Each structure stands twice: as structure tokens, then as C-alpha cells.
Amino acid sequence: MLIEMLTPATALGQGPVEETRPEPQKIIDGAPLHRTWNLEERDGLYCGIWESTPGHWTISYDEWEYCRILSGRSVIHGADGSRTEVSAGDSFVIRPGFQGSWEVLETTRKDYVIRL
């Protein structure tokens, strides 16, 4: 099928889910739990819905990621000292080479598209 609509269950974060946590050496604070509802994984393209409970961990990007925050509140800290707070309705791109940390202040859900 060339067009695939998000189902209400997927958009609400229901259905088949993958649960993960950041690697222990990456955790700065808390015990965040990540939930991912994958919609597409092929040819270097990944998209779906991602959610995390509160916590803070380091991140390092080798890929492009477009995100739109659906709910919650987070802060993305750059290794350069920058600080970007994001909440419901915010859209942004993280580029390859970005290093820093992701801090979830309130359980955050986003839809995302990743291109390797």
C-alpha cells in the first residue's frame, strides 16, 4: 500500500509496543522507560511514535531526525551549552553530529521520522 494512515490506536500509543531503557552508562538522572510504536523500518527510514517517562540521559546522533511533540515537556541540552525546551505542538530537526542530553520533565510523546 502506498499510503498508510495512522490508526487511532497507534496515534494514541496503543498496539504492539517495544519497551527499552537508555544504556546504564548514558543515564544522568532517573530511570526513564521508553516505549516505541514502529510504523515503518526500511531502507534507512524509520518512523513511528515514541514516548519516555521522566529522566535524563546522554544522546549522540549519526542520523537525521524530525520530531513533533504530541504531549509532555522535555529539554534537549547541547554539548555546547545550548538548551531547547520542547512541548506539545513543537516540531524540530536534530541533525547528524548532535551531541548532548535529553531530559524528560513530564512524560513526553512524539512522532518521529529518522533517515540514516
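The structure this text deals with has already been given above.
Cut-offs and rules
Residues numbered from 1 in each chain as written. Predicted model: local features only at pLDDT ≥ 70, side-chain atom pairs only at ≥ 80, totals over all residues. Heavy atoms only, no water. Helix = DSSP H or I, 4+ residues; strand = E, 2+ residues; numbered from the N terminus. Buried < 20%, exposed > 50% of the residue type's maximum accessible area, 1.4 Å probe, protein only. Contact = heavy atoms within 4.5 Å. Areas by Shrake-Rupley, 256 points an atom, 1.4 Å probe, with all protein chains shown as cover. Polar contact = N/O pair within 3.5 Å; in protein donor to acceptor, adjacent residues only side chain to side chain. Pairing = 2+ DSSP bridges. Salt bridge = Lys/Arg side-chain N within 4 Å of Asp/Glu carboxyl O. Phe/Tyr/Trp six-rings, centres within 6.5 Å; stacked < 30°, edge-to-face > 60°.

J.: Can you walk me through the overall build of the chain in this structure?
T.: In terms of helices and strands, the chain carries one helix and nine strands. Residue burial in the chain is summarised as follows: out of 116 residues, 38% are buried. When contacts within the chain are restricted to residue pairs at least 6 apart in sequence, long-range pairs at least 24 apart make up 62% of them. Carbon and sulfur atoms make up 52% of the accessible area of the chain, which amounts to about 7,000 Å² in all.

J.: Sorry, what's going on with the side chain of T53 here?
T.: The residue T53 is located in the loop between β4 (45-52) and β5 (55-60) in this model. Judged by relative accessible area, T53 falls into the buried class, the value being 19%. In this structure the side chain of T53 is engaged in a polar contact, spanning 2.8 Å, whose partner is the backbone nitrogen of L33.

J.: How should I be thinking about the pairing of strand β8 (residues 91-94) in this particular structure?
T.: Here is the key point about a regular strand: its side chains alternate between the two faces of the sheet. Burial along β8 is one-sided: the residues F92 and I94 are buried and none of S91 and V93 is. Pairing geometry for strand β6 (residues 64-78) and β8, over four bridges, is antiparallel. Among the inter-strand pairings, Y66 is bridged to a residue of β8, identified as V93.

J.: How do you make sense of the pattern of salt bridges when you look at a structure like this?
T.: Side chains that differ in charge, positive against negative, can pair when their charged atoms come close. Enumeration according to the criterion identifies nine salt bridges in this entry. Across the pair R109 and E51 runs a salt bridge whose closest N-O atoms are separated by 2.4 Å. Taken together, the residues R109 in strand β9 (residues 99-115) and E51 in strand β4 connect sequence positions 58 residues apart. The salt bridge partner of E85 is R73, with a shortest N-O separation of 2.9 Å. With E85 in strand β7 (residues 83-87) and R73 in strand β6, this residue pair connects regions lying 12 residues apart in the sequence. E85 sits in the partly exposed class, given a relative accessible area of 37%. Here R73 falls in the partly exposed class, since its relative accessible area comes to 28%. Through salt bridges with shared partners, a single network forms among E19, R35, E51 and R109.

J.: What am I meant to see in the packing of aromatic side chains here?
T.: In this description, a pair of aromatic rings is defined by centroid distance and the angle of the planes. Within this structure, the stated rule accounts for three aromatic pairs. Here W50 and W102 contribute two aromatic rings whose centre-to-centre distance is 5.6 Å and whose plane-to-plane angle is 70 degrees, an arrangement assigned as edge-to-face. Residue W50 is located in strand β4, and its partner W102 is located in strand β9; the two are separated by 52 residues in the primary sequence. For W50, a relative accessible area of 11% translates into the label buried. Consider the rings of F92 and W102, whose centres lie 6.3 Å apart with planes at 45 degrees: the pair is tilted.

Take it as geometry only, folks, not as evidence of what the structure does.
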